[in-house]
Amino acid sequence: MEQNIPHQLVIRNKNGVYLSNMLAKSDEEMQLINQDGNAQLIVLENQIVMFNKQSIKLHDYKQQIKEQEFTNLQNIHLTESKQNLIIMDKLDQQQYQLQILKFPSLESKGINFNLKNFKREAWPILKFSFEDQYFFIIQNQKLHCYADNQCVYQTDVGNCEYFSVQPNTQKPLVVCYSLMDFNIKESFLKIVDMNGKIKYEKKLHQTSDLEVIWSPNGQSLLINKGFHEDNTNKSYFGQNQVLFYDFPKNALRELPTYEGPIHHVQWSPSSKEFILLSGFMPSGAVMYDNTCKPLFEFGKDHKNKIIWGNGRFVMICGFGNLDGSIHIWDAKTLKQVSTNKYKSASLCHWSPCSRYYVCAKVTPRMNVDNQYSLFDYHGKEIINRKFLELYDVQFRPSNIKFEERPPTPPKQIQQEPPKKQFIAFADNPLAQQMRAMKAGEGARVLQVDETFGKQSNNNFPPGYEPPKEKKKRVRKPKQQQQQQ
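Residues numbered from 1 in each chain as written. Predicted model: local features only at pLDDT ≥ 70, side-chain atom pairs only at ≥ 80, totals over all residues. Heavy atoms only, no water.

Named according to an unreviewed UniProt entry, the protein chain is Translation initiation factor beta propellor-like domain-containing protein originating from Paramecium octaurelia.

Below is the structure:
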């Protein structure tokens, strides 16, 4: 191990919730926090919030300090500033109550909203701005902005049911949008400023799924939109498109990507760049700057997940139905640090120092072989622990500011030269391609006008293929036809 850093893990299994040193090898080394293994968790630096349908419990890792009971708790959300807790309680079969509680005292702020129903996929339906200065909610097709309990503005947003608030900004923009379903035939996107005016409005063509992706500093915005059908019959996954909102020009433009589905998009913690995984398998992982210029391609491989560390290390993985491969890159030098493989991974998290990571197979995704493994960033396994039923594993956050250090070269172990083996079809092009992918080759610096295999045409926006030109049929004169 490179450092002796006392990181801790919060483990939730069938027997309860435990706090454990990351190097613990047995159950005797774990501290029991709560006997309810079905409780959901919000893990913080100094507290841990545990909730089920009947209550919310607040624990300081030594003892329980708060508990509050509810009728039928549906969900909770802690704001980014850790000052307010948003809860949804079901009072009866026809009424829900949205409440705002102070955190960590769990005292009511006296701000309640009674609702007949709510969409779980839109949770939280009430969102706070930076430092909890304002909060926003959509009711009766209007976006309401409040400061404490006083309404600042209300703006008609039509059939928009979903919204996202700009982070880390004193006067935030609010992105409101609607999605196509059986009742809504058209999808719209609207951006509202702090004066309650619609700054930008656009009708979105064929949009049944949309994700608003703000950069951490709130100064850049990406829109990942998709439609469940593909009219070209090229993809089973439907149609996908990533748009970039240009703040100075107040316009949306499409990003150049590989043809095929969009697997994942994630900003770096510094907000200076982001990585996008796109295209049919093997997909292409491309880094863009914050103006959406393509910078670097990490090669094409079977990957569908991006996990940033502290800003220097980034993990590009193939989870889900893929082979579980994990490639770790240094985002500063654009060099590959290590490779690893963890099949059937349900979750993966970086440690606070980004020198270790944990992978786990948990219930209900995997009902057998539940376990977690701790690795260093070179891919060396440090701990492996197995459980009858494992539900969740997380690192406890730390208040230590870790230095962003380059990777330490691994110790070189002298190995015996491999024995000569006969390899059939060694010069086969497919075998050469597979060996190049396995060795991490294929990475390259990109040009600004990169087309990602698509034909470039100045009359069409990036990402669109121009229509094929049809050959015009020339009719011969009658005299030539008679002579023939």
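Next comes the rest of the write-up.
Draft legend 1. Representation of unusual backbone geometry in the model. With an omega of -5°, the peptide bond running from Trp 123 to Pro 124 counts as cis. Within the secondary structure, Pro 124 sits in the loop between strand S11 (108-115) and strand S12 (126-128). In this structure, the amide linkage connecting Thr 363 to the following residue, Pro 364, adopts the cis form with an omega of 10°. The residue Pro 364 is located in the loop between strand S33 (356-361) and strand S34 (371-376) in this model. The backbone of Cys 292 shows a phi angle near 70°, a positive value even though the residue is not glycine. (Helix = DSSP H or I, 4+ residues; strand = E, 2+ residues; numbered from the N terminus.)

Draft legend 2. Representation of the side chain of Asn 370 in the model. Checked against the element boundaries, Asn 370 lands in the loop between S33 and S34. You can call Asn 370 buried: its relative accessible area is 1%. A polar atom in the side chain of Asn 370 sits 2.5 Å from the side chain of Thr 363. Reaching out from Asn 370, the side chain makes a polar contact with the backbone nitrogen of Leu 390 at a distance of 2.9 Å. Asn 370 has contacts with Lys 361, Val 362, Thr 363, Arg 385, Lys 386, Phe 387, Leu 388, Glu 389 and Leu 390, leaving out every residue within four places of it along the chain. (Buried < 20%, exposed > 50% of the residue type's maximum accessible area, 1.4 Å probe, protein only. Polar contact = N/O pair within 3.5 Å; in protein donor to acceptor, adjacent residues only side chain to side chain. Contact = heavy atoms within 4.5 Å.)

Draft legend 3. Inspection of the pairing of strand S8 (residues 73-78) at higher detail. Sheet analysis places S8 next to strand S9 (residues 84-92), joined by five bridges and oriented antiparallel. Following the sheet pairing, His 77 is matched in S9 by Ile 86. Here S8 hands over to S9 after five residues, with Lys 82 in that stretch at a positive phi of 60°. (Pairing = 2+ DSSP bridges.)

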